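Chains, contacts and geometry: an overview
Single-letter residue listing:
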Amino acid sequence: MTGNSHPSIRDGGSHTGFDVIGLTLPRLPDPAVAIAVSRAGGIGVLDLEWGGAEPWKEETERARCATPAIQKLARLAKGRWGVKLDGEDEAACETLLACLPSSFELAILTDAPRDVLARQVARLNAGVHRPKRILLEIGGSGEIPNVAGVGGFIAKGHESAGIVGDETTFILVQRLLRLTELPIWAQGGIGLHSAAACRVAGAAGVVLDAQLCLTRESSLPESVRRRVARMDGSETIAVGERLPRAFRCYHHPGSEATKELQRAALDLDDAPAGQVRQWKEAIGSRVGWGAPDRWVWPLGQDAAMASKLAERFETAGRVVSAIRESAENHAMAARIHQPLAERSALARSHGTRFPIVQGPMTRVSDNAAFAAAVAEGGGLPFIALALSNASETRRVLEETRASLGARPWGVGILGFVPLAVRTAQLDVIREVRPAYALIAGGRPDQALSLEREGIATYLHTPSPDLLKLFFEQGARRFVFEGRECGGHVGPRCSFTLWDGMVE
């Protein structure tokens with residue numbers, strides 16, 4: 001991951017250059033989590049995107065209902081605090097500005113048309129009690145609006161809760177860092193390990209929300225807490241992915257509220273982009289923390305991290321401190337061990353110049369010339385066999401062996417192809433004996449049978465549960481397969497998956 005960066009972050013300066021923003025959950029106007037985050041040195045933010053009260057109330061009344069929470073946050077934060085607002089809801093923004101008791105650190109505005117955002121930013125900057133910085137959330141449209149007075153952006157990935165776009169945090173952060181000199185915060189899939197990746201990439205900080213929902217300060221209802229505690233990252237869905245903006249929420253099978261939201265998305269499928277407001281109203285009327293068959297819970301894949309974080313650190317403040325400390329320690333470890341450097345440990349184990357593996361790609365990496373080019377560049381190439389028969393398999397493997405000579409290479413096979421196809425391919429593989437194999441959709445017994453032939457074999461692994469199972473059954477080489485990959489993939493975006501795998 002590369003991009004523009006603050007020198008103190010890129011050069012491994014102190015964690016004071018890396019900020020953690022901690023959001024309360026929407027429609028849960030209790031500022032306790034935000035207060036704890038602020039007192040721990042982060043920025044505690046009250047999320048008012050969907051208003052501060054029940055959905056059936058008028059928008060301005062929902063905004064007024066947030067006043068006690070804002071006042072409590074301002075009084076008790078003892079540090080930096082802020083609010084998150086619906087970028088399109090100008091009336092609610094005006095109402096809330098009138099309620100603010102003092103100047104504050106941060107205002108976050110959600111994605112909205114550029115002209116609306118320009119008015120909102122001007123309104124915030126003109127207030128008596130105004131924020132020191134305004135951040136715009138980039139997720140739904142994926143584009144950076146040119147709005148004066150903005151102090152940075154939040155890259156909100158596809159795995160996040162609420163309104164999201166197509167790009168995951170891993171992809172979106174990298175793209176935005178190349179497009180602007182303003183600081184970028186990363187939201188979605190952020191844990192102890194992915195936060196460090198964002199830090200060394202040049203992000204100014206990270207955003208937490210559901211990761212804090214099981215801490216001591218959280219007022220999430222007990223019935224919801226029990227379900228969140230069991231999450232593994234696969235329980236959420238993005239509704240309305242064919243619309244300009246999708247909505248990620250907890251998926252409870254049989255939930256009438258989710259079905260209604262899906263029907264609303266289908267009804268708006270052919271509507272022009274200007275009717276996005278109708279979609280947000282459909283969402284807002286169903287967001288809540290009651291019974292999951294009646295309400296949609298705005299939770300992202302990273303809610304699966306909440307249980308372990310709460311178990312280990314207990315309070316929101318300690319989680320924030322741990323994220324900052326982990327980001328610094330990981331950066332230090334990377335400087336010492338240089339895992340991506342030339343001739344690093346993984347590169348030496350592969351016999352390659354760089355610790356880079358080229359994944360098998362049907363109709364792309366299915367010829368010796370491609371493999372030779374990858375090997376010449378210093379990576380480990382893999383020939384994709386797909387549904388090749390025995391003669392096709394023998395031809396391409398023998399050509400690759402002749403072309404690469406003593407240089408290492410591997411073969412990529414599909415564990416779920418018809419038995420006759422797989423058997424024919426494996427017979428040839430055992431005959432030609434490439435140094436490596438990679439099985440997509442495979443099982444440990446398939447990998448171990450090749451390992452016994454002296455062919456080091458990797459398994460595609462799309463979930464922490466499968467990693468544990470595969471390891472217990474003897475597998476030792478894995479490819480963590482995030483949603484961004486091509487071909488057959490699991491539901492988890494890479495940050496969520498990788499962080500869970502490391503844990």
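Values in this document were obtained by computation on a predicted structure and should not be read as measured data.

**Re the state of the cysteines**
Applying the stated criterion across every chain yields a total of zero disulfides. As a non-bridged cysteine, Cys198 has Cys493 as the owner of its nearest cysteine sulfur, 13 Å distant. Left unpaired, Cys213 is separated from the closest cysteine sulfur, that of Cys249, by 15 Å.

**Section: the pattern of salt bridges**
All told, the structure shown has 30 salt bridges when counted by the stated rule. Here Arg394 makes a salt bridge to Glu431, at a shortest N to O gap of 3.0 Å. With a gap of 37 residues between them, Arg394 in helix α16 (residues 390-404) and Glu431 in helix α17 (residues 419-432) connect regions that are remote in the sequence. Judged by its relative accessible area of 46%, Glu431 falls in the partly exposed class.

**A closer look at the environment of Arg443**
Turning to its location among the elements, Arg443 is positioned in the loop between β14 (436-440) and α18 (444-451). Distance in space between the C-alpha atoms of Arg443 and Leu469 is 9.9 Å, their sequence separation being 26 residues. A polar atom in the side chain of Arg443 sits 2.9 Å from the side chain of Asp445.

**Side note on the packing of aromatic side chains**
Where two aromatic rings form a pair, the distance of their centres and the angle of their planes describe that pair. Here the structure, examined in full by the defined rule, presents seven aromatic pairs. Taken together, a centroid distance of 5.0 Å and an interplanar angle of 75° make the contact between Phe170 and Trp498 edge-to-face. Placement of Phe170 in helix α7 (residues 169-179) and of Trp498 in helix α20 (residues 494-502) is noted, with a sequence separation of 328 residues between them. Each residue in the set Phe170, Phe495 and Trp498 is aromatic and connected to the rest through ring pairs, giving one cluster. Cation over ring: Lys280 sits above Trp50, and NZ or CZ is 6.0 Å from the ring centre. Across the ring face of Phe471, the terminal group of Arg476 is positioned such that the distance to the ring centre comes to 3.7 Å.

**Topic: the sheet that holds strand β12 (residues 382-384)**
One open sheet holds the five strands; their spatial order is β12-β13-β14-β15-β16, and the pairing between them is parallel. Both outer strands of the open sheet, β12 and β16 (478-480), are each paired with one neighbouring strand and no more. The sheet shows a mean angle of 25° between the axes of neighbouring strands, direction not considered. As paired elements, β12 and strand β13 (residues 410-414) share three bridges and run parallel to each other. Each residue of the ladder has a partner; that of Phe382, found in β13, is Gly410.

**Details of the confidence of the model for the chain**
Residues of the chain with pLDDT of at least 70 account for 93%, and the chain-wide mean is 91. In the predicted structure, residues 1-15 sits below a pLDDT of 50 and forms 40 contacts with residues beyond four places in sequence or in another chain.

**Some details on the nonpolar core**
By size, the foremost hydrophobic cluster in this structure holds 63 residues, and its most contacted members are Ile70, Leu136 and Val206. Per-element tally for this core: the top contributor is helix α13 (residues 316-337), with six residues. Ranked by size, the runner-up nonpolar core spans 27 residues in total, among them Ala437, Ala447, Leu467 and Met501.

**A closer look at the sheet that holds strand β10 (residues 236-239)**
If you trace the three strands from one edge of the open sheet to the other, you get β7-β11-β10, paired in antiparallel fashion. Only two strands of the sheet have a single partner each, and these edge strands are β7 (162-164) and β10. Going across the sheet, the axis of each strand differs from the next one's by a mean of 35°, ignoring polarity. Relative to strand β11 (residues 246-250), β10 runs antiparallel, the two being bridged by four bridges. Its bridge partner lying in β11, Ala238 is registered against Arg248.

**Let's talk about the packing of helix α15 (residues 368-377) against α16**
Where α15 meets α16, the axes come as close as 9 Å, and the angle between the chain directions of the two elements is 35°. Read as a crossing pair, α15 and α16 show a hand that is right-handed. Taking contact as the criterion, the partners of Ala368, Ala371, Ala372 and Ala375 in α15 are, on α16, Glu399, Thr400, Ser403 and Leu404. Residues belonging to the contact of α15 with α16 are distributed by class as follows: five nonpolar, two polar and one charged.

**Considering the packing of helix α2 (residues 32-39) against helix α4 (residues 67-76)**
To describe two helices that pack against each other, one gives the angle between their axes and the distance between the axes. Closest axis-to-axis distance for the α2/α4 pair is 9 Å, and the angle between their directions is 20°. With respect to α4, the axis of α2 lies roughly parallel. Like other packed secondary-structure pairs, α2 and α4 cross with a definite hand, here right-handed. Two secondary-structure elements touch here, α2 through Ala34, Ile35 and Arg39 and α4 through Lys72, Leu73 and Leu76. For the contact of α2 with α4, the per-class residue count stands at four nonpolar, no polar and two charged.

**Some words on the layout of surface pockets**
Using a probe with the size of a water molecule, rolled over the atoms, empty space left in the structure can be pinpointed. Of the volumes computed, that of the second largest pocket is approximately 480 Å³. As for the second largest pocket, its lining consists of 23 residues, of which Ala304, Lys308, Pro464, Gly500 and Glu503 are closest to the centre. If you list the elements that add at least two residues to the lining of the second largest pocket, you get α12 (306-313), α19 (464-472) and α20. Take the lining of the second largest pocket: its biggest share by element is five residues, from α20. Tallied by class, residues from the lining of the second largest pocket come to ten nonpolar, five polar and eight charged.

About the cut-offs
Residues numbered from 1 in each chain as written. Predicted model: local features only at pLDDT ≥ 70, side-chain atom pairs only at ≥ 80, totals over all residues. Heavy atoms only, no water. Disulfide = S-S within 2.5 Å. Salt bridge = Lys/Arg side-chain N within 4 Å of Asp/Glu carboxyl O. Helix = DSSP H or I, 4+ residues; strand = E, 2+ residues; numbered from the N terminus. Buried < 20%, exposed > 50% of the residue type's maximum accessible area, 1.4 Å probe, protein only. Polar contact = N/O pair within 3.5 Å; in protein donor to acceptor, adjacent residues only side chain to side chain. Phe/Tyr/Trp six-rings, centres within 6.5 Å; stacked < 30°, edge-to-face > 60°. Lys NZ or Arg CZ within 6 Å of the ring centre and 35° of its normal. Pairing = 2+ DSSP bridges. Axes fitted to C-alpha atoms, helices over the stretch in contact; angles between N-to-C directions. pLDDT = per-residue confidence, 0-100. Contact = heavy atoms within 4.5 Å. Core = buried A, V, L, I, M, F, W, Y, C linked by side-chain atoms within 4.5 Å. Left-handed = near helix turned anticlockwise from the far one by under 90°. Nonpolar A, V, L, I, M, F, W, Y, C, P; charged D, E, K, R; others polar. Parallel < 35°, antiparallel > 145°, perpendicular 65-115°, else oblique. 1 Å grid on protein atoms, 1.4 Å probe; cavity = no way out; pocket = protein on both sides within 12 Å on 5 of 7 lines; lining within 4 Å. Points joined across faces, edges and corners; volume = space filled by probe spheres on them.

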